[in-house]
Amino acid sequence: MAAPEGSGLGEDARLDQETAQWLRWDKNSLTLEAVKRLIAEGNKEELRKCFGARMEFGTAGLRAAMGPGISHMNDLTIIQTTQGFCRYLEKQFSDLKQKGIVISFDARAHPSSGGSSRRFARLAATTFISQGIPVYLFSDITPTPFVPFTVSHLKLCAGIMITASHNPKQDNGYKVYWDNGAQIISPHDKGISQAIEENLEPWPQAWDDSLIDSSPLLHNPSASINNDYFEDLKKYCFHRSVNRETKVKFVHTSVHGVGHSFVQSAFKAFDLVPPEAVPEQKDPDPEFPTVKYPNPEEGKGVLTLSFALADKTKARIVLANDPDADRLAVAEKQDSGEWRVFSGNELGALLGWWLFTSWKEKNQDRSALKDTYMLSSTVSSKILRAIALKEGFHFEETLTGFKWMGNRAKQLIDQGKTVLFAFEEAIGYMCCPFVLDKDGVSAAVISAELASFLATKNLSLSQQLKAIYVEYGYHITKASYFICHDQDTIKKLFENLRNYDGKNNYPKACGKFEISAIRDLTTGYDDSQPDKKAVLPTSKSSQMITFTFANGGVATMRTSGTEPKIKYYAELCAPPGNSDPEQLKKELNELVSAIEEHFFQPQKYNLQPKAD
């Protein structure tokens, strides 16, 4: 058993113990040799990077660079993680051996350590099958949303997706879904973490992944799930005849990830001509050779090749998935010839409006509105709240992350409610609640149908977005981040905000902008509530404060769970009728500058701004 940090062992002794254990247990020759080499060289610094601390299993599972040691994703840490997860599931589900679990993977690979998503998925499957538990292991790469879909569709106990989504190429991840089809939330993360620590030594058959190939417990759900997913998706096609006739052309990029064939199939399911694929990016490639970061959220840099192809083929709309196809970015050619990349909030406004409009056409009975819901995360635009207020359905906000929206959506569905849509500003959309997570495949084809429908009215996406803002009030947003690698500095910055005007006094203004309310989800304080206690769940392990301003501005500052960033999200919400977006933009820019200067204080805390 590894000595936990703070167990009284000196750092060097703990390191020696961890590495000795590693040499006994690791059967991957590449990672084993790498560790032996570091020991022979006496390279303490590298050994510390590999063995300093075990990857922490959080509510998003694991995410780290591939490589040797307990701090990295590799064959041995995958085996250890899965053994812990398996023991935890056995305690939670008496019918685990009847129902089983699903496992899938993206196209990531790391030749120097022998790690790949496919290999990790096979090792995870081996762990469960060795314990007599059925495993539905996809035979080939799939989008991440196929795992929660399969959990719900086949009524399984859990799901594992091996992916690092849009992270840099050396990273990989282990994402876990519960039997309700949503990502796990606390306390499961802590329970799984503890079970991993109790099951570190590989079980007798842990390394023998050939045993699964002949096992009756191994099922390949690829063909049936592919078929059933697209059958379910067809229910969200509202204008088949428009789709058949449309002249709107689309370009799609999967950014060297898994999305290509699935988006092609989605378009066919909607009777749309499949989009032109960016040839250099359509096939999976773990090197991501054409992009600096494989993340469409980064905007125009990732879309350069898409714009070039769209200009060549006279396509007006670009659809971009991230490498595991759970997110979607959309860009539209403007009359000026410029490309406009919609922000996550703008696309959220368009898709929310569209799904509500389409639902309303099918459900003329106004009384159904009282059981109809839309959700978005607390750092996302409040545009859905404005639409809900005017149209009479319910809007709820949740904590950041689709784990919260997925779990809340499931609760509502189980109460007989209709959940039409959920989104977060980081280009994540749940357009079809048969997947209780963000899904870039369904979002891509639904965006394409929306654009095709608008074209019949001679409207572009940009014009429709403006119409939404005119009707429901402008919602102008701006988000960015500062980079900070030092946890103590981050803590100091947030403690300064909590003790701004002396002890336990939050700021009353930011520059010239008066603050009307403060919610701190790290401490659970919310001065807009009668008892000053926040309604949303709080977490001491992450920093998050929201400021509401007297001018209709809202700004949230928070730390990132997966990156060394302090992020901010600012929005100016104007009531309908205040239709001077340029003036609102100017005011928002002034507010953001004040927040950067007075609250972030980048010089004082030595923060690096986001690189453009």
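No experiment lies behind these values; they were computed from the predicted model shown.

A.B. asks: Hey, could you run me through the overall build of the chain in this one?
C.D. replies: Counting its regular elements, the chain contains 20 helices and 25 strands. Here the C-alpha atoms of the chain give a radius of gyration of 25 Å, agreeing with the 25 Å that 2.2 N^0.38 yields for 612 residues. If you line up the chain on its principal axes, its C-alpha atoms span 70 × 65 × 50 Å. When contacts within the chain are restricted to residue pairs at least 6 apart in sequence, those whose partners lie at least 24 apart make up 69%. A total accessible area of about 25,000 Å² is found for the chain, and carbon and sulfur atoms account for 49% of it. Charged side chains of the chain number 70 positive and 76 negative; the gap between the two group centres comes to 2 Å.

A.B. asks: What am I meant to see in unusual backbone geometry here?
C.D. replies: A negative phi angle is the norm for most residues apart from glycine, just as the trans form is the norm for most peptide bonds. Backbone torsion omega between S186 and P187 reads 5°, so that peptide bond is classified as cis. Along the chain, P187 falls in the loop between β7 (171-177) and α8 (188-197). Unlike most non-glycine residues, V255 shows phi in positive territory, near 45°. Positionally, V255 belongs in the loop between β9 (250-253) and α11 (260-269). Take V255: its relative accessible area is 0%, and that puts it in the buried class. The backbone of D271 sits at a positive phi, close to 60°, despite the residue not being glycine. Relative to the assigned elements, D271 resides in the loop between α11 and β10 (276-277).

A.B. asks: Please explain the nonpolar core as it appears in this structure.
C.D. replies: Across soluble globular proteins, nonpolar side chains show a tendency to be buried alongside one another. Counting 173 residues, the largest nonpolar core has F85, Y174, F421, Y429, I446 and M557 as the members making the most contacts within it. If one sorts the elements of this core by residue count, helix α16 (residues 440-456) sits on top with ten residues. Setting aside residues no more than four positions away along its own chain, M557 makes contact with L493, F494, L497, Q543, M544, I545, F547, K567, Y568, I595, F599 and F600. Core analysis: the next-biggest nonpolar cluster, separate from the first, contains ten residues, Y373, L412, V419 and M430 among them.

A.B. asks: Before we go on, may I ask you to explain the pattern of salt bridges in this structure?
C.D. replies: Opposite charge on two side chains allows them to pair when their charged atoms are near. Taken as a whole and assessed by the stated rule, the structure comprises 44 salt bridges. Notably, a salt bridge pairs K333 with D311, separated by 2.7 Å at the nearest N-O pair. With K333 in strand β12 (residues 328-333) and D311 in helix α12 (residues 300-313), the pair connects residues that are 22 residues apart, well separated along the chain. The class of D311 is partly exposed, set by a relative accessible area of 37%. Here K417 and D371 are joined by a salt bridge, their closest N and O atoms 3.1 Å apart. With K417 in the loop between α15 (402-414) and β16 (418-424) and D371 in the loop between α13 (344-362) and β14 (372-377), the pair connects residues that are 46 residues apart, well separated along the chain. By relative accessible area, which is 22% here, K417 ends up partly exposed. Connected through shared salt-bridge partners, E11, D12, R14, E18 and R48 make up one network.

A.B. asks: Can you walk me through the UniProt feature "domain: Alpha-D-phosphohexomutase alpha/beta/alpha" (unreviewed entry) in the chain in this structure?
C.D. replies: In the UniProt entry, the feature "domain: Alpha-D-phosphohexomutase alpha/beta/alpha" (unreviewed entry) is given for residues 55-200, 228-333 and 344-471. Regarding residues 344-471, the helix share stands at 54% and the strand share at 16%, and the terminal C-alpha atoms are separated by 20 Å.

A.B. asks: Explain the pairing of strand β24 (residues 565-573) here, please?
C.D. replies: Along a regular strand, successive side chains alternate from one face of the sheet to the other. Most of β24 is tucked away, with nine of its nine residues classed as buried. Of the two faces of β24, both are covered, the one formed by K565, K567, Y569, E571 and C573 as well as the one formed by I566, Y568, A570 and L572. Relative to β24, strand β23 (residues 553-559) is paired through seven bridges, and the arrangement is antiparallel. Considered in β24, the bridge of T556 is made with Y569. Where β23 folds back on β24, the antiparallel hairpin that results is connected by five residues.

Parameters and conventions
Residues numbered from 1 in each chain as written. Predicted model: local features only at pLDDT ≥ 70, side-chain atom pairs only at ≥ 80, totals over all residues. Heavy atoms only, no water. Helix = DSSP H or I, 4+ residues; strand = E, 2+ residues; numbered from the N terminus. Rg over C-alpha atoms; globule rule 2.2 N^0.38 Å. Contact = heavy atoms within 4.5 Å. Areas by Shrake-Rupley, 256 points an atom, 1.4 Å probe, with all protein chains shown as cover. Lys, Arg positive; Asp, Glu negative; His and termini not counted. Charge placed at Lys NZ, Arg CZ, Asp CG, Glu CD. Buried < 20%, exposed > 50% of the residue type's maximum accessible area, 1.4 Å probe, protein only. Core = buried A, V, L, I, M, F, W, Y, C linked by side-chain atoms within 4.5 Å. Salt bridge = Lys/Arg side-chain N within 4 Å of Asp/Glu carboxyl O. UniProt positions renumbered as here; feature names shortened; annotations may be inferred. Pairing = 2+ DSSP bridges.

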